[in-house]
Amino acid sequence: MEDKQSASGPLAGLRVIEMGQLIAGPFAARTLADFGAEVIKIEPPSGGDPLRKWRLLDADGTSVWWQAQSRNKRSLALDLRGREAQEIVRRLALEADVLIENFRPGAMEGWGLGPDVLQAANPGLIMLRISGYGQSGPYRDRPGFGVVAEAMGGLRHLTAEPGRVPVRVGVSIGDTLASLHGVIGILMALHHRHATVSEQAPRGRGQVIDVALYEAVFNCMESLLPEYSAFGVVREAAGSALPGIAPSNAYRCADGYALVAGNGDSIFKRLMNCIGRPDLAEDPQMAGNAGRVAQVAMIDAAIGDWTAGRTVAEVLGALAAADVPAGRIYTVADIAADPHFAARGMLQEMDRPDGSKLLLPGFVPKLSATPASHRRNAPTLGQDTDAVLREVGLSEAQIAALKARGVVA
């Protein structure tokens, strides 16, 4: 990708300070950056964001995950423990629209960078605060990680085969869900700020967005709580099935598994006719979901008997012809080779400094008039320190003195 410095996208002109690390805060900031926001990422001079060294490393010792998580951002290497560094953040916050942080509650206040200080100086500032348990409540001071939040939010209890040990989702889904809720909150807060512009508040009124990891997970748990409240039902793990909605499952084929979702009334009829069971298609007891749920074991067995003697490709071909939703389980190799991913721009090619190519995930959502773009590669540690410090009014001599004392890098 070409390193384009000019901002574009619906958020062009929006200035964001990112003070988080690893996943939750930085993913939210990356989403804003992809759509045009200027994101200044603050990271410690000694090593930077730990994500730079997570999972598989490139030839220069940098995680390739970093290239996805930090594209379109600028890097300011700043030791937040020092008063001079904290004053630099206050200067940045004066002109910022959004500040994102995912430290443990109280950390920002301890540095003199809480909402009481920053929003007093800049009433239009929007602060997104992501933490394990939120900024209030009896658990607020506990260290919170996504995997713990996924369990507390109810997700881990459901991710298992019945009677087996619950397993984690293979990615940091709790962090990502919190990030996306945070982005939603920022966009709503920006709308409110625009609506509150006045002579007393020429930029409008900012606010604090409090996102807890466990709450972001819990918010996606569908009917879990109302079913417990109404019927005392504790939903249990069901493997690949979708409890209470039938049929929807993974079925063994001769060379793998096919996912089949035949749970619509008319879809169910087409599915049964496709697998040679017109008797089930026309059975009045199967006409609605409740009747199918009552006999889901029999239905699953009928579908499984049909898939068992066919390859995944044969199953999917037959179901596609019958207009029944179905698919196979993709590996990342399948994703990288799939023409639909390519046609939708979901395999973005990045130019590395050595001239080689790296594939990164594309942009979501797709906006027709103001799409996201890859304007610059992920920064090296402190790549933009001097430029950012000049922008807040520091002289070359002051920058050199801060570097000599290890405040910036």
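Thresholds, definitions, all that
- Residues numbered from 1 in each chain as written.
- Predicted model: local features only at pLDDT ≥ 70, side-chain atom pairs only at ≥ 80, totals over all residues.
- Heavy atoms only, no water.
- Helix = DSSP H or I, 4+ residues; strand = E, 2+ residues; numbered from the N terminus.
- Contact = heavy atoms within 4.5 Å.
- Areas by Shrake-Rupley, 256 points an atom, 1.4 Å probe, with all protein chains shown as cover.
- Lys, Arg positive; Asp, Glu negative; His and termini not counted.
- Charge placed at Lys NZ, Arg CZ, Asp CG, Glu CD.
- Axes fitted to C-alpha atoms, helices over the stretch in contact; angles between N-to-C directions.
- Parallel < 35°, antiparallel > 145°, perpendicular 65-115°, else oblique.
- Left-handed = near helix turned anticlockwise from the far one by under 90°.
- Patch = residues over 30% accessible without salt bridge, like charges linked within 9 Å, V, L, I, M, F, W, Y side chains within 5 Å.
- Salt bridge = Lys/Arg side-chain N within 4 Å of Asp/Glu carboxyl O.
- Buried < 20%, exposed > 50% of the residue type's maximum accessible area, 1.4 Å probe, protein only.
- Pairing = 2+ DSSP bridges.
- Core = buried A, V, L, I, M, F, W, Y, C linked by side-chain atoms within 4.5 Å.

Enquirer: Break down the overall build of the protein for me, citing the residues and quoting the values.
Expert: The secondary structure content of the protein amounts to 18 helices and eleven strands. Taking the intrachain contacts of the protein between residues at least 6 apart in sequence as the baseline, contacts between residues at least 24 apart amount to 66%. A total of about 20100 Å² of accessible surface is found on the protein, and carbon and sulfur atoms cover 58% of it. Once the 41 positive and 45 negative side-chain charges of the protein are each reduced to a mean point, those two points are 3 Å apart.

Enquirer: Please provide a residue-by-residue account of the packing of helix α10 (residues 265-274) against helix α13 (residues 296-308), values included.
Expert: It is at 10 Å that the axes of α10 and α13 come closest, and there the two elements cross at 45 degrees. Regarding the angle of α10 to α13, the classification is oblique. Note that α10 runs across α13; the crossing there is left-handed. Two secondary-structure elements touch here, α10 through Phe268, Leu271, Met272 and Cys274 and α13 through Ile299, Ile303 and Trp306.

Enquirer: Which residues make up a nonpolar patch on the surface, and what values go with them?
Expert: On the surface, a cluster of nonpolar side chains totalling about 400 Å² of accessible area is made up of Phe218, Leu225, Tyr228 and Val234. Within the element layout of this structure, Val234 appears in the loop between α9 (224-231) and β7 (248-253). Given the relative accessible area of 48%, Val234 is considered partly exposed.

Enquirer: Outline the sheet that holds β7, listing residues and values.
Expert: If you walk across this open sheet you meet the three strands as β7-β8-β9, and the pairing is antiparallel. In this open sheet, the two edge strands, each paired with only one partner strand, are β7 and β9 (326-328). The mean angle between the axes of side-by-side strands here comes to 25 degrees, regardless of whether they run parallel or antiparallel.

Enquirer: I'd love a proper account of the nonpolar core, names of residues and values included.
Expert: If you look at the biggest cluster of nonpolar residues, it comprises 34 residues, and the most contacted ones within it are Val16, Leu32, Ile100, Leu128 and Ile186. For this core, the elements supplying multiple residues, two or more each, are α1 (24-34), β4 (98-101), β5 (126-131), α7 (173-195), β6 (208-212) and α8 (213-218). Here the element with the most residues in this core is α7; it accounts for six residues. Not counting the four nearest positions on each side in its chain, Val16 is found in contact with Leu32, Ala37, Glu38, Val39, Ile40, Val98 and Ile100. Core analysis: the second largest hydrophobic core is formed by 28 residues, Leu76, Phe103, Val407 and Val408 among them.

Enquirer: Which residues make up the pattern of salt bridges, and what values go with them?
Expert: Across all of its chains, the model carries 28 salt bridges by this definition. Two residues, Arg15 and Glu391, come together in a salt bridge whose shortest N-O distance is 3.1 Å. Of this pair, Arg15 sits in strand β1 (residues 15-18) while Glu391 sits in helix α17 (residues 385-391), placing them 376 residues apart in sequence. For Arg15, a relative accessible area of 16% corresponds to the buried category. Salt-bridge contacts for Arg90 lead to Glu87; the nearest nitrogen and oxygen are separated by 3.2 Å. Here Arg90 and its partner Glu87 are both found in helix α3 (residues 83-95), three residues apart, which amounts to about one turn of the helix. Look at Arg90 and you get partly exposed, because its relative accessible area is 25%. According to the relative accessible area criterion, Glu87 is partly exposed, its value standing at 36%. One connected set of salt bridges, linked through shared partners, spans Arg15, Glu38, Arg74 and Glu391.

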